[in-house]
Amino acid sequence: MGRTLKQVKCGETVTVQKLQGEGPVKRRIMDMGITKGASVYVRKGAPLGDPVEVTVRGYELSLRKGDADMILVE
């Protein structure tokens, strides 16, 4: 299977392929603008690795590594 957003290195831009997970968690990720086909730029990770900062649809957000692991990208 492809890689997840959690595996993307800082400075890379990727495209969302699929969202895994169910129910409220998946809905929350989609409400943040992370949907299939969206371009995601990984800005930086926190010193201890969690959370990771990304830019999506022109705005910045922080994602927990657990959430980033549910986002398949290419």
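Residues numbered from 1 in each chain as written. Predicted model: local features only at pLDDT ≥ 70, side-chain atom pairs only at ≥ 80, totals over all residues. Heavy atoms only, no water.

### Let's talk about the overall build of the chain
Across its full length, the chain holds two helices and six strands. For 74 residues, the compact-globule estimate of 2.2 N^0.38 gives 11 Å, and the C-alpha radius of gyration of the chain, at 11 Å, lies within 12% of that figure. Based on the C-alpha atoms only, the size of the chain along its principal axes is roughly 30 × 25 × 20 Å. Split into buried and exposed, the 74 residues of the chain put 32% on the buried side. Excluding contacts between residues fewer than 6 apart, the proportion of contacts in the chain whose partners are at least 24 apart in sequence is 56%. Total accessible area on the chain stands at roughly 4500 Å², and carbon and sulfur atoms take up 51% of it. Averaged over its 13 positive side-chain charges, the chain has a centre that lies 2 Å from the centre of its 9 negative ones. (Helix = DSSP H or I, 4+ residues; strand = E, 2+ residues; numbered from the N terminus. Rg over C-alpha atoms; globule rule 2.2 N^0.38 Å. Buried < 20%, exposed > 50% of the residue type's maximum accessible area, 1.4 Å probe, protein only. Contact = heavy atoms within 4.5 Å. Areas by Shrake-Rupley, 256 points an atom, 1.4 Å probe, with all protein chains shown as cover. Lys, Arg positive; Asp, Glu negative; His and termini not counted. Charge placed at Lys NZ, Arg CZ, Asp CG, Glu CD.)

### Things to note about unusual backbone geometry
Look at R57: it is not a glycine, yet its phi comes out positive at around 50 degrees. Inspection of the secondary structure puts R57 in the loop between β4 (52-56) and β5 (59-63).

### Regarding the side chain of D67
Inspection of the secondary structure assignment puts D67 in helix α2 (residues 65-68). Looking at D67, the relative accessible area reads 7%, which means it is buried. Dropping the residues within four chain positions of it, D67 is found in contact with V25, R28 and I29.

### Things to note about the pattern of salt bridges
If you walk through the whole model with that rule in mind, you get six salt bridges. D31 is the partner of R27 in a salt bridge, and the nearest nitrogen-oxygen pair spans 3.2 Å. With R27 and D31 both in helix α1 (residues 23-31) and four residues apart, the pair spans about one turn of that helix. In this structure, a network of salt bridges that share partners links the residues R28, R64 and D67. (Salt bridge = Lys/Arg side-chain N within 4 Å of Asp/Glu carboxyl O.)

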